[in-house]
Amino acid sequence: MHLTNRILITGGAGFIGSHLCDRLLERGDEVLCVDNFFTGARSNVEHLIGHTRFELMRHDVTFPLFVETDQIYNMACPASPVHYQFDPVQTTKTSVHGAINMLGLAKRTKARILQASTSEVYGDPNIHPQTEDYWGHVNPIGPRSCYDEGKRCAETLFFDYHRQHQLDIKVARIFNTYGPRMHPNDGRVVSNFIVQALKGEDITLYGDGEQTRSFCYVDDLVDGLIALMDSPEGVTGPINLGNPGEFTIKELAEQVIDLTGSTSNMVHKPLPQDDPRQRQPDISRAADQLNWAPKVALRDGLTRTIAYFDGLLTRMG
Ligand code: NAD
Ligand code: UDP
């Protein structure tokens, strides 16, 4: 039997957070979704409004929050380069002040707390695939630094609260994740390519398109996050969560064109500064400690995501 937890999800109206809300409600938990709607949207959780175990609160995590909770998933932070570079100071504040506020809340309520960290802590990595013991290769003063260094500092805070205050922490390093409810204009590669293909617009490859990423379908990622949250207390992470299937950005474009039957052409645009050349998670730690591995192949996940955007674009006219 599953005992009901009171679960706080910051950034719960975002892409990944809203799927997490769905899954935790399905299994019987109480969910408090906290979001300032910077990149998230009420529409991502509108189907949950009125659910007896669901509550939605507008709040910015850079300010303290006083609620009662058993578990905290700290997901709040814009994740797309376009959005996190829009107001870089706020991005760092969200990661750093947000972590301090949520860790303080966890300390007072004795809640278990999980941080949505990122593969960006490895920067433009010199080792491949990336293992958790790699310290990374991050530019501290570039346009991506507000996100990368903010997330690195949040990890530092999590481990210091763990050592200093014995907090029960979990740190997930999430690799590129995609699926329904991504923002159609957030500039991330999967949403960009699908929207461009469905509209018959040019597919924009930044640089030569030979840089690689490993794409995880959101359902798999949510399974991994919940497995980590529910793991024994000694399992703190950091733990890589992602799909090790590695593709060049050009290969991704080709798959999207193929699956949509689009007539779009590929065009090249300048490569953004500090864009990592390669990224692939080593997920042996997640396999050993969580018994977790992703199940959805890129082609199947893309098919589901294309169906979502097709419906969305039709509704938007
Ligand atoms: P998203 O932008 O869809 O969701 C982030 C949510 O946080 C949004 O709802 C946004 O409104 C909210 N938010 C932002 N700043 C806030 C603040 N100050 N106070 C309260 N709410 C705030 O992005 P996502 O893809 O769902 O990412 C969720 C988390 O996972 C982020 O922390 C992100 O860094 C991490 N992550 C995501 C990926 C990915 O590929 N999607 C990869 C690595 C890490
Ligand atoms: N990219 C691209 N075309 C786009 C959007 C992104 O070629 O329209 C590239 C981007 O330069 C990067 C990769 O796709 O190399 C993934 O970009 P995204 O912004 O999705 O995430 P990142 O992993 O860089 O944070």
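Look up a bit, the structure's there.
Please read all numbers here as calculations on a predicted model, not as lab measurements. (Residues numbered from 1 in each chain as written. Chains lettered and ligands numbered in written order. Predicted model: local features only at pLDDT ≥ 70, side-chain atom pairs only at ≥ 80, totals over all residues. Heavy atoms only, no water.)

**Re helix α4 (residues 145–165)**
Along an α-helix, residues three or four apart share an orientation, since each turn contains 3.6 residues.
Inference 1: Across its 21 residues, α4 extends 28 Å between first and last C-alpha, which sits within 8% of the 30 Å expected from 1.5 Å per residue.
Inference 2: On its buried face, α4 is in contact with α2 (81–84), α3 (88–109), β5 (112–118) and β6 (169–174).
Inference 3: Positive phi shows up at Q166, right after α4, with a value of about 55°. (Helix = DSSP H or I, 4+ residues; strand = E, 2+ residues; numbered from the N terminus. Expected span 1.5 Å × (residues − 1). Contact = heavy atoms within 4.5 Å.)

**Thoughts on the nonpolar core**
Inference 1: With 58 residues, the main nonpolar core has I9, L20, Y73, M75, L225 and L241 as its most contacted residues.
Inference 2: By residue number, the principal contributor to this core is helix α6 (residues 218–229), which donates seven residues.
Inference 3: Formed by 24 residues, the second largest nonpolar core is a distinct cluster that contains V61, V67, A99 and L167. (Core = buried A, V, L, I, M, F, W, Y, C linked by side-chain atoms within 4.5 Å. Buried < 20%, exposed > 50% of the residue type's maximum accessible area, 1.4 Å probe, protein only.)

**Looking at the site of ligand 1**
Inference 1: The local shell around ligand 1 holds 30 residues, among which I16, D35, T39, Y147 and T177 are the closest.
Inference 2: Interatomic distance of 3.0 Å between a backbone N/O atom of G14 and an oxygen atom of ligand 1.
Inference 3: For ligand 1, an oxygen atom lies 2.9 Å from a polar atom in the backbone of F15.
Inference 4: Computed on the free molecule, ligand 1 has an accessible area of 820 Å², of which 96% lies beneath the protein chains in the complex. (Near = heavy atom within 4 Å. Polar contact = N/O pair within 3.5 Å; in protein donor to acceptor, adjacent residues only side chain to side chain. Areas by Shrake-Rupley, 256 points an atom, 1.4 Å probe, with all protein chains shown as cover.)

**Details of the sheet that holds β5**
Inference 1: Strand order in this open sheet of seven strands is β3-β2-β1-β4-β5-β6-β11, and the pairing throughout is parallel. Of all strands in the sheet, those bounded by a partner on one side alone are β3 (54–58) and β11 (239–241). Taking the axes of each pair of neighbouring strands and ignoring which way they run, one obtains an average angle of 20° across the sheet.
Inference 2: By the bridge criterion, four bridges tie strand β1 (residues 6–10) to strand β4 (residues 71–74) in an arrangement that is parallel. Among the inter-strand pairings, I9 is bridged to a residue of β4, identified as Y73.
Inference 3: Along the sheet, helix α1 (residues 15–26) makes contact with β1, β2 (30–35), β3 and β4, crossing β1 at roughly 170°. (Pairing = 2+ DSSP bridges. Axes fitted to C-alpha atoms, helices over the stretch in contact; angles between N-to-C directions.)

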